[in-house]
Amino acid sequence: MKFKPLSLLLVAALLSGCAVYKKNPRQQPAASGVTKGNPQVLLLGEVHDNKAGHRQRYEDLRQRVEAGWRPVIAMEQFDREDQELLNAAQEGCMDAGCVIRVMDRKGWDWQQYYNIIQLALDHKLPLVAANLSRTNASKVVRDGIASSFDARTVAEYRLNEPVSADWRKAQEREIQAGHCDMVPAMMLPGMVDAQMARDIWMAKLIRDQQPRDVVLIAGNGHVRKDIGVPRWLRTVGPKLTTEAIGYVEGGGAKEQFDDVRAIPAVKRPDPCAKFRK
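Residues numbered from 1 in each chain as written. Predicted model: local features only at pLDDT ≥ 70, side-chain atom pairs only at ≥ 80, totals over all residues. Heavy atoms only, no water.

(A) Representation of the sheet that holds strand E5 (residues 242-249) within the structure. Within the open sheet, the 6 strands sit side by side as E3-E2-E4-E1-E5-E6. Their pairing is parallel. In this open sheet, the two edge strands, each paired with only one partner strand, are strand E3 (127-131) and strand E6 (259-263). This sheet shows a mean twist of 25 degrees between the axes of neighbouring strands, independent of strand direction. As paired strands, strand E2 (residues 72-79) and E3 are joined by 4 bridges and run parallel to one another. Each residue of the ladder has a partner; that of methionine 75, found in E3, is alanine 129. Relative to E3, helix H3 (residues 83-92) is tilted by about 155 degrees, and along the sheet it contacts E2 and E3. The strands that helix H5 (residues 114-122) touches are E2, E3 and strand E4 (214-217); relative to E2, the one it contacts most, it runs at about 140 degrees. (Pairing = 2+ DSSP bridges. Helix = DSSP H or I, 4+ residues; strand = E, 2+ residues; numbered from the N terminus. Axes fitted to C-alpha atoms, helices over the stretch in contact; angles between N-to-C directions. Contact = heavy atoms within 4.5 Å.)

(B) Structural detail: the nonpolar core. If you look at the biggest cluster of nonpolar residues, it comprises 44 residues, and the most contacted ones within it are Ile145, Phe149, Leu159, Leu216, Val229 and Trp232. Discounting chain neighbours no more than four positions away, the residues touching valine 229 are Leu43, Asp199, Met202, Ala203, Ile206, Leu216, His222 and Arg224. Core analysis: the next-biggest nonpolar cluster, separate from the first, contains 35 residues, Leu61, Leu86, Cys98 and Ala120 among them. (Core = buried A, V, L, I, M, F, W, Y, C linked by side-chain atoms within 4.5 Å. Buried < 20%, exposed > 50% of the residue type's maximum accessible area, 1.4 Å probe, protein only.)

(C) Fine view of the pattern of salt bridges. Within this structure, the stated rule accounts for 20 salt bridges. We note a salt bridge from glutamate 81 to arginine 80, for which the minimum N-O separation is 3.9 Å. With a relative accessible area of 23%, arginine 80 lands in the partly exposed category. Residues aspartate 193 and arginine 168 are paired through a salt bridge, measuring 2.9 Å at the closest nitrogen-oxygen approach. (Salt bridge = Lys/Arg side-chain N within 4 Å of Asp/Glu carboxyl O.)

(D) Up close: the packing of helix H2 (residues 51-66) against H5. Where H2 contacts H5, the axes come no closer than 10 Å and their chain directions differ by 10 degrees. Relative to H5, the element H2 is oriented roughly parallel. Of the residues in H5, those touching H2 at Arg57, Tyr58, Leu61, Arg62 and Val65 are Asn115, Ile116 and Leu119. (Parallel < 35°, antiparallel > 145°, perpendicular 65-115°, else oblique.)

(E) View of the pairing of strand E1 (residues 41-44). By the alternation rule, side chains of E1 split into Val41 and Leu43 and Leu42 and Leu44, which are all buried. Across 4 bridges, E1 lies against E4 in parallel orientation. By the bridge assignment, valine 41 is partnered in E4 with valine 214. In terms of strand pairing, E1 meets E5 through 4 bridges, oriented parallel.

Structure follows, in C-alpha cells:
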C-alpha cells in the first residue's frame, strides 16, 4: 500500500499521540537462544468470539517467547495490503492500543488480540499482516483464485490447474456448516476460491519470512492441516517443520490438527437465525 501525503501526516499524528518512537523491530537481529522444540511454523487457531480460547492461546505463546523463542507473528486480523501501515505502527508505538488505533480495522474484538500485539512489541517480534482484504476477496470470488497472485506464484502453487476435488469438497462442507447449510450452490465455488486464496497468501507470507520462524494467529479453519494453510505449505517446497494447534470448543477434531486445546463453549444466540431471515 502506498501512502498519500495526507495519509502519512495522519499516521504521524496518530503515532505521536500514542508513544515515543523506537527502532523498527524488523531492524533488530534475531535472538540466538531459540528454545528447543519450537517448529519453524507454529499455527495457532481460534474461535473468534471465545475469550477463554484467546487467553489460553496467549499463555501458550507467551511461555515460548519468554523462554527465548523469537518468531515473526503473522496475523489474520490485519490485511496484507496494509503491511506498510502496520510497519509504521510497530516502529512508532510503544503499546498495543496505539497499534490498534493506527490500524483502525473494524470487525474484530481487538481486546482479545491486545496481549499478543503487546508481546510482539515488548520482544521486538515483527508483525505480519496475513489476510486478504474484502475487496480482493470479492475479486477472487468473481475471477478465481489465480486473480489474486502474480504469475510466479500462480506457477509455484499450480493455481491454473484445478484444486483436487476432495479438497474443494471439504472446504465446501466447512463453508456450508458455517452458514447453517444455507449457501446457494451457485455461490459456493467463489466462496471456496476466496477461502483458499486467503490460505495461500498466509502460506506465501510465512515462507517469505524464512529463515526466521513464524507464528500464525488465525481462525481454526485456516490452521487445519488437512485443508488449510499447512496443506498449502506442503504444496511448495522446501519442507518446513510445522505444528498446528486448534483451540476447539469441547475438544475433539484431533485429526484436523497436530494438537487440540479443549476450551469451554460460549453461550450464543441461535447463529442460524440471521440466515433464516
